[in-house]
Amino acid sequence: MKKLYSTVIALVVMTFSQAQDITDAVRYSSDQLSGTARYRAMSGAFGALGGDLSAISINPAGSAVFLSSAATVTLSYNNRQNDTRYFNGVTTNDDSDVYFDQAGAVLVFNSTNENTPWKRFTLGVNYSQNNTFDDSFLALGTSSTSIDNYFLEFANGVPLELLETIDNETITDLYLFLGESEGFGAQQAFLGFQGFIIDPVSSDPSNTSYTSNVASGSFDQRYSYIATGLNGKFAFNFATKYQDFLHLGINLNAHFLNYDRATRLFEENSNAGSETNEIVFSNNLSTNGNGFSLQLGTIANVTDNVRVGLTYDTPTWYLIEEQTTQRLETFSDEFNDQVIVDPNVINVYPDYRLKTPGKLTGSLAVLFGDNGLVSFDYSYKDFSNTELRPSSDPEFIFQNNLISENLKAASTYKIGGEYRIENWSLRGGYRFEESPYKNENTLGDLNGYSAGVGYDFGAIKADLSYDHSSRTDNPQLYQVGLINTANIQRDFSSVVLSLSFGI
C-alpha cells in the first residue's frame, strides 16, 4: 500500500556531492559589467585611464590618477528578460530590481618634497557588485524523455536492501543514513524507488538493476528555475605616482558570494501502460562563500596624450559551503493514488574550495586634451584553469576533468569614448565577451553597448548611464538522465546613477 509519509527536520553531512558542477565553476568565475555610471557608460574600458572608483577594480594604479580625494556612490536599476524555448513551448520571464551597485573613496596624498620622484600616494577602498545571480526562467514543452531516466541512472548499481525501510525506520531516517554513508547518488535512487518511479528487476535484497514504471511516449514538462544572490568584492587599494609618467598600484580583494536556487519539474503523461503519470521533483540549493584575490597594475604616460595600462589579476580562492533539500511527489491514474516523498532533510555538504582563473588585461587610451578621449581594453582569462578542491576528491576529479575538457580561454574586448562640452560629458561604449565554453552552443558570446551623460556641478558630479547586453544560453535541466536543454535568449539592461564628491 502506498503511503503518505510524515517528516521531521534533520541534518546530514554528505560524503560525496553533486551540488558542485561545471555550471557553478563558470557562474562564480564570471563578472558582469558593474560600477559607476561613468565607468559603465564607457563599457568598462578604463584600464589605462584611472581617475574613477570603479576603474580601480580594473587597474589598481588608477587611483594614483586622482588629483584630490574623492568618493562615489552608485545605484542601478536592472532588468533581465529571458525568452525560453523548450521543444514546442515558448515563455518569457521579465524581472527587475534596484541595487546598491558601488560605493568607495580614495584619499590622495601629494608629495610636498620637490626632490623626490614619488609625486603622489593614494589609499582607497571600493565595494562593487561583481555579479548578480537574480534570474528566472520557465521551460515548458513536450519531450520524448522522462525524468525517470534521472532516477534510473543513479539507481542501477545500488543494492535494493539500501532503498527499503526496515521496522520503525522512517523515510527521513533512511534518506539521512544514505547521505551520510552512501552519498548523493543513493539518495536519488531512494527517492525514485520510494516514489514508485522505478522498481527492482527482482525482489532479492542484493538486486542492483531497476526498471521504470513510466512508459515511453510523450511527456508534458514544466521546469521552473528561480535564483537570487550576488557576488561582491571589497577592494583595498594602494597606489603611487612615480615622476610624471608612471602609476603603480595594488589591490587586496575580499570576495563574498551567496546564491540560492529553487528548481521544480512537473511532468505528466497519458502513455499506455504507464503506472506513474505525474511527477513533481523539487530541489533547493543555498550557497555561501568567501574568497581572496590580489591585483597588480600599472599605467604609463607614453606621451601627454597616450596612456597604456597593464593589470594582472591572480586567481580568486573561495571557501564555499552548500546546503540542499529535495522533495518528490508522484501520482498514478491507474491506482488513483498519490505518493509524497519529503525527507525534510537538509543536506549539508563539506566545505570545499574553488580556485577561479586569473586574468591579464592590457589597455590603451588616447586623450584629446580636455575635449575627450578614446579607450580600449583587452582581457584574457582561461576558464579551463578553474579548479574545485580538494582535487583528490573522486567527485571533484570528475568535475575538474569536465572543466578542463569543456571550458577554454576567453577574450574580452571593450572600447569606450567620452566627449566634453563645458560642464557636460557625453559617453558611449561597446564590449564583446567570448564564451568560456568550447562548445559555444552551451553559452554564446556576449555583445553589449552603453551610453551615458555626466554633469560637473563643481562640488558634486552626477553621472547617468544605460547599458544593454545579450547572449544565448542552452542549459541542461539536469546533469544526468534528463539532459534536455532549454534555449534561452538573455537580455540584460541597466540604468545607473552615480554621485561623486570631494572629501
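Here the structure is shown first, and the text comes after it.
From a predicted model like this one, the values you see are computed outputs, not experimental measurements.

Caption draft 1: Geometry of the environment of leucine 174. Mapped onto the elements, leucine 174 comes out in helix α5 (residues 171-181). Overall, the relative accessible area of 3% leaves leucine 174 in the buried class. In this view, leucine 174 contacts Leu162, Leu163, Glu164, Thr165, Glu169 and Phe190; residues no more than four positions away in its chain are not counted.

Caption draft 2: Seen up close, unusual backbone geometry. Of the consecutive residues arginine 389 and proline 390, the connecting peptide bond is found in the cis state with omega at 10 degrees. With respect to the element layout, proline 390 can be found in the loop between β18 (387-389) and α7 (394-406). Its identity as a non-glycine residue notwithstanding, asparagine 168 has a phi of 65 degrees, on the positive side. Among the secondary structure elements, asparagine 168 is positioned in the loop between α4 (148-155) and α5. Look at asparagine 168 and you get exposed, because its relative accessible area is 81%. Unlike most non-glycine residues, asparagine 344 shows phi in positive territory, near 55 degrees. Here asparagine 344 shows up in the loop between β13 (337-341) and β14 (345-348).

Caption draft 3: Just the environment of glutamate 387, in detail. Position of glutamate 387 relative to the elements: it lies in strand β18. Taking the C-alpha atoms as reference points, glutamate 387 and threonine 356, separated by 31 residues in sequence, lie 6.7 Å from one another. Aside from chain neighbours lying at most four places away, what touches glutamate 387 is Arg353, Leu354, Lys355 and Asn400. Of the polar contacts made by the side chain of glutamate 387, one reaches the side chain of arginine 389; its length is 2.6 Å.

Caption draft 4: Molecular detail of α5. All of the buried residues in α5 are Ile171, Thr172, Leu174, Tyr175, Leu176, Leu178 and Gly179. Phi turns positive one or two residues past the end of α5, at glycine 183, with a value near 105 degrees.

Caption draft 5: Focus on the side chain of asparagine 213. With respect to the secondary-structure elements, asparagine 213 resides in the loop between β7 (210-212) and β8 (219-242). According to the relative accessible area criterion, asparagine 213 is buried, its value standing at 7%. Within the local environment of asparagine 213, its side chain forms a polar contact with the side chain of aspartate 199, the two groups lying 3.2 Å apart. Once you skip the residues sitting within four places of it in the chain, asparagine 213 turns out to touch Phe196, Ile197, Ile198, Asp199, Ser274, Glu275 and Thr276.

Caption draft 6: Molecular detail of the packing of α5 against helix α6 (residues 184-194). The contact between α5 and α6 brings their axes to 8 Å, and the two run at 155 degrees. One finds that α5 runs roughly antiparallel with respect to α6. Facing α5, whose interface residues are Ile171, Leu174, Tyr175, Leu178 and Gly179, α6 presents Ala186, Gln187, Phe190, Leu191 and Gln194. Of the residues contributing to the contact of α5 with α6, the split by class is 7 nonpolar, 3 polar and no charged.

The rules we used
- Residues numbered from 1 in each chain as written.
- Predicted model: local features only at pLDDT ≥ 70, side-chain atom pairs only at ≥ 80, totals over all residues.
- Heavy atoms only, no water.
- Helix = DSSP H or I, 4+ residues; strand = E, 2+ residues; numbered from the N terminus.
- Buried < 20%, exposed > 50% of the residue type's maximum accessible area, 1.4 Å probe, protein only.
- Contact = heavy atoms within 4.5 Å.
- Polar contact = N/O pair within 3.5 Å; in protein donor to acceptor, adjacent residues only side chain to side chain.
- Axes fitted to C-alpha atoms, helices over the stretch in contact; angles between N-to-C directions.
- Parallel < 35°, antiparallel > 145°, perpendicular 65-115°, else oblique.
- Nonpolar A, V, L, I, M, F, W, Y, C, P; charged D, E, K, R; others polar.

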